[in-house]
Amino acid sequence: MALTVSVVIPNYNYARTLDACLSSVYGQTYPPHEVIVVDDHSTDGSRDVAARFPCRTVVHPDNRGVSAARNTGAALATGDVLFFLDSDEALEPDAIANAVAILRDDPAVGCVHGVIAPEPLIDDGPVEWYRTLHAYWWRWRHAGVVRTAFFAQAAIRRSVFDEVGPFDEELRDSEDLEYSDRLAPRTRIVLSDRVVARHDEVSRLGPLLAEQFRRSQLLARTVLAARREGRASLTANRPAGILAVAGALGVLPLTLIHPVFVLASALLVAVFAVCDIGLLRFVARRRGPRFLPFFLGVHLLLHVALVAGAVLGCVRLLLGSRPTRWLTPLVLVAAVVALGFTVRAAGTAPLVALGRPAGLPLLLAATAANLAGLLIGMVAWRVLVPVRGLPAARIFFLGQLGKYLPGRVWGVITHVDLGRQAGAPAERMITAYLVSIGLAILAGAGVGMLAAPGPWILLPLVGFVALLGRPALLDRPVALVARLVRRPVTPLPPAAVRAALALALLSWLVSGLHLWALAVALGAPADRSAAVAVGAFALATVAGGLSIVAPDGWGVRELALAAALATVLPWGVAGTVALASRLICVVVEIGTSLAVLGLARFVHRGEPHVHAVHP
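Keep in mind it's a predicted model, so treat the numbers as computed, not measured. (Residues numbered from 1 in each chain as written. Predicted model: local features only at pLDDT ≥ 70, side-chain atom pairs only at ≥ 80, totals over all residues. Heavy atoms only, no water.)

Draft legend 1. Just the packing of helix 5 (residues 126-141) against helix 8 (residues 205-215), in detail. Closest axis-to-axis distance for the helix 5/helix 8 pair is 9 Å, and the angle between their directions is 35°. Within the contact between the two elements, helix 5 uses V127, Y130 and R131 and helix 8 uses L205, L208, E211 and Q212. Taken together, the residues of the contact of helix 5 with helix 8 sort by class into four nonpolar, one polar and two charged. (Axes fitted to C-alpha atoms, helices over the stretch in contact; angles between N-to-C directions. Helix = DSSP H or I, 4+ residues; strand = E, 2+ residues; numbered from the N terminus. Contact = heavy atoms within 4.5 Å. Nonpolar A, V, L, I, M, F, W, Y, C, P; charged D, E, K, R; others polar.)

Draft legend 2. Geometry of the nonpolar core. One finds L384, L439 and L515 to be the most contacted residues of the largest nonpolar core, which totals 64 residues. Looking at this core, the elements that each hand over two or more residues are helix 16 (360-382), helix 17 (389-402), helix 19 (426-448), helix 22 (494-521), helix 23 (526-545), helix 24 (556-565) and helix 25 (571-602). If one sorts the elements of this core by residue count, helix 25 sits on top with 11 residues. If we ignore the near neighbours within four places in the chain, the residues touching L439 are L384, L467, L474, V497, A500, L501 and A504. The next biggest cluster of nonpolar side chains, apart from the first, holds 43 residues, and it includes V58, A74, Y130 and A184. (Core = buried A, V, L, I, M, F, W, Y, C linked by side-chain atoms within 4.5 Å. Buried < 20%, exposed > 50% of the residue type's maximum accessible area, 1.4 Å probe, protein only.)

Draft legend 3. Summary view of the side chain of R139. Topologically, R139 is positioned in helix 5. Here R139 is buried and forms no salt bridge, its nearest opposite-charge partner E201 lying at an N-O distance of 5.6 Å. With residues up to four places along the chain from it excluded, the contact list for R139 reads G114, V115, I116, F150 and L191. (Lys, Arg positive; Asp, Glu negative; His and termini not counted. Salt bridge = Lys/Arg side-chain N within 4 Å of Asp/Glu carboxyl O.)

Draft legend 4. Here's a closer look at helix 4 (residues 95-105). When you tally the buried positions in helix 4, you get eight out of 11 residues, the bulk of the element. When helix 4 is considered as a whole, its buried residues turn out to be A95, I96, N98, A99, V100, A101, I102 and L103. Here the buried face of helix 4 lies against strand 1 (5-11), strand 4 (81-85), strand 5 (89-91), strand 6 (109-116), strand 8 (153-157) and strand 9 (188-199).

Draft legend 5. Representation of the pattern of salt bridges in the model. On inspection of all chains with the given rule, the structure shows 21 salt bridges. For the salt bridge of R16 with D200, the shortest nitrogen-to-oxygen distance reads 2.9 Å. With R16 in helix 1 (residues 15-26) and D200 in the loop between strand 9 and helix 8, the pair connects residues that are 184 residues apart, well separated along the chain. Taking the relative accessible area as the measure of exposure, D200 reaches 10% and is therefore buried. In this structure, the salt-bridge partner of R158 is D162, at a minimum N-O distance of 3.2 Å. With R158 and D162 both in helix 6 (residues 158-164) and four residues apart, this pair spans about one turn of that helix. Note on R158: relative accessible area 19%, which makes it buried. Classification of D162 as partly exposed rests on a relative accessible area of 48%. Via salt bridges that share partners, R70, D86, E175 and D176 belong to a single interconnected network.

Draft legend 6. Geometry of the packing of aromatic side chains. Here the structure, examined in full by the defined rule, presents 19 aromatic pairs. With a centroid separation of 5.9 Å and 45° between ring planes, the pair formed by F84 and F161 is classed as tilted. Residue F84 is located in strand 4, and its partner F161 is located in helix 6; the two are separated by 77 residues in the primary sequence. When sorted by exposure, F84 lands in the same class as F161, which is buried. On the numbers, 5.4 Å between centres and 25° between planes, the contact of Y136 with F282 is stacked. (Phe/Tyr/Trp six-rings, centres within 6.5 Å; stacked < 30°, edge-to-face > 60°.)

Draft legend 7. A look at unusual backbone geometry. Despite not being glycine, N13 has its phi angle at roughly 60°, a positive value. With phi around 65°, H41 is a residue other than glycine that occupies positive phi space. Relative to the assigned elements, H41 resides in the loop between strand 2 (34-39) and helix 2 (46-50). Its relative accessible area of 35% is what places H41 among the partly exposed residues.

Draft legend 8. Structural context of the packing of helix 16 against helix 22. Two elements in contact, helix 16 and helix 22, have axes separated by 8 Å at closest approach and are oriented at 165°. Overall, the two elements helix 16 and helix 22 adopt an arrangement that is roughly antiparallel. As for how helix 16 packs across helix 22, the hand of that crossing is left-handed. Its residues assigned to classes, the contact of helix 16 with helix 22 comprises 19 nonpolar, six polar and no charged. (Parallel < 35°, antiparallel > 145°, perpendicular 65-115°, else oblique. Left-handed = near helix turned anticlockwise from the far one by under 90°.)

Draft legend 9. Main features of the side chain of D176. Mapping D176 onto the fold places it in helix 7 (residues 175-183). Classification of D176 by relative accessible area gives buried; the value is 9%. Polar side-chain contacts of D176 include one of 3.1 Å to the backbone nitrogen of F151. Those residues in contact with D176, other than ones at most four positions away along the chain, are R70, A149, F150 and F151. (Polar contact = N/O pair within 3.5 Å; in protein donor to acceptor, adjacent residues only side chain to side chain.)

Structure (structure tokens):
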């Protein structure tokens, strides 16, 4: 007895391609039993297009996402086989026949899905050709029995669908992966190059990269789940290529320190380019060798978006776990490595120059000023968080050491995890962390203007005064960042924000005095170098912090400091002062942090350390 097929087409604003999609369904060599179009509250005339065909059209009263649309169609379908087809795809005439033949010939197969044709449904330019060729290649390369199903064009036995259950309607992206995790243990999945559909792919670079960034945020979770279950994930890109691009991005900031890192970054990009020679040959055959440079350029940008999304996904994953169990030793090792690297980079020149009898008092003064600025910075942060005592100090100083790891995610991770252990809500800790960074950048930029006074000093000054008057101005940018990491935030008391801003300003002014003392010790005129040194330290530290990838802004900060100090010192001496500043900062930060962390480990915590959380 022949298997009956119900074609389910979820649609949202695809009037442009829906006609081609339905025409391809009604042109199949294996006619479907029924065709159900589920319109997910379209606003572009899609329903008028569907009305021209003898299909059943169901309309959602509001937009609920592709998972809900597929579930609605599946609930109404009566066929032995559900064939899900996205409305921006058009099947080849034998697609359904080939899928049914695979299901008929092997009862152990419960799901069959296909490949994207190497030609786009509608030719909208080179970006779409890139996407189409790449989509065809990686699916064709994986053809056979797989552990992942993609439901843009997929046939699944009705009995299997009922056993596995519906799609997760909470997911509007990567719902295929979640469904595959439930599907694969119950039945065999086949990816067949005999089930082919032409697809209207993304045709503009910006949306293409945004889509990749969004989807790759689930990469870490997917890979970990696959490893736990001992199965291989179906990947669109070569893991070696992803790692090569990640390495190139990690090395890139270090090019400011030494030209050898330029070569290292270029070599990693070259490794990425040759990771999939078969893909390049396929593209050259289809579009010609002249298309290859464009293809590789877009492919590289796509990998950059993939790495960025994966990093963000890792942050979200870590925020939901207890990461400080492994992050604390990792941070401590990074801090020790940073200290060794600093000592080696600085050499003996700063110590020899500052170790003279005339320079020793200024060296001690510089150390004291840096320590005082660090402690004032901690107080500025502490007024924003609902944690007190040693637990608060532990959170702050472990976050400080986290900056010696590449990236800027470790601070928020330690804030959330240690704050949770101290009884503080995650949303309050995230808000405090984001606000403290924003205030530090604003105050640092304002103090930084002392190094180059001019009319532009009004910009941070206006921001400073505006925040003192209306601290709620921070709520919107903080909420935007929170949405990016998908974590809630809570507004902070205005008085706390004002106090933190004033203390952040004081912290920069006091910290900058250490650079002034070092500059004077090495020959800078005391009167002319004070404003330059204090402003340069704030501005260079802010610039280094914004470099994101370089641990603690290494290289960026030193270049900025040397350039500013070169106005009051010879260039070589200015570089020595910059390295001496780095050495003092690292020693003070690591020494203070280790002392606080050690004390917090052994001191008994008797009373609760969490204050009432302000609404």
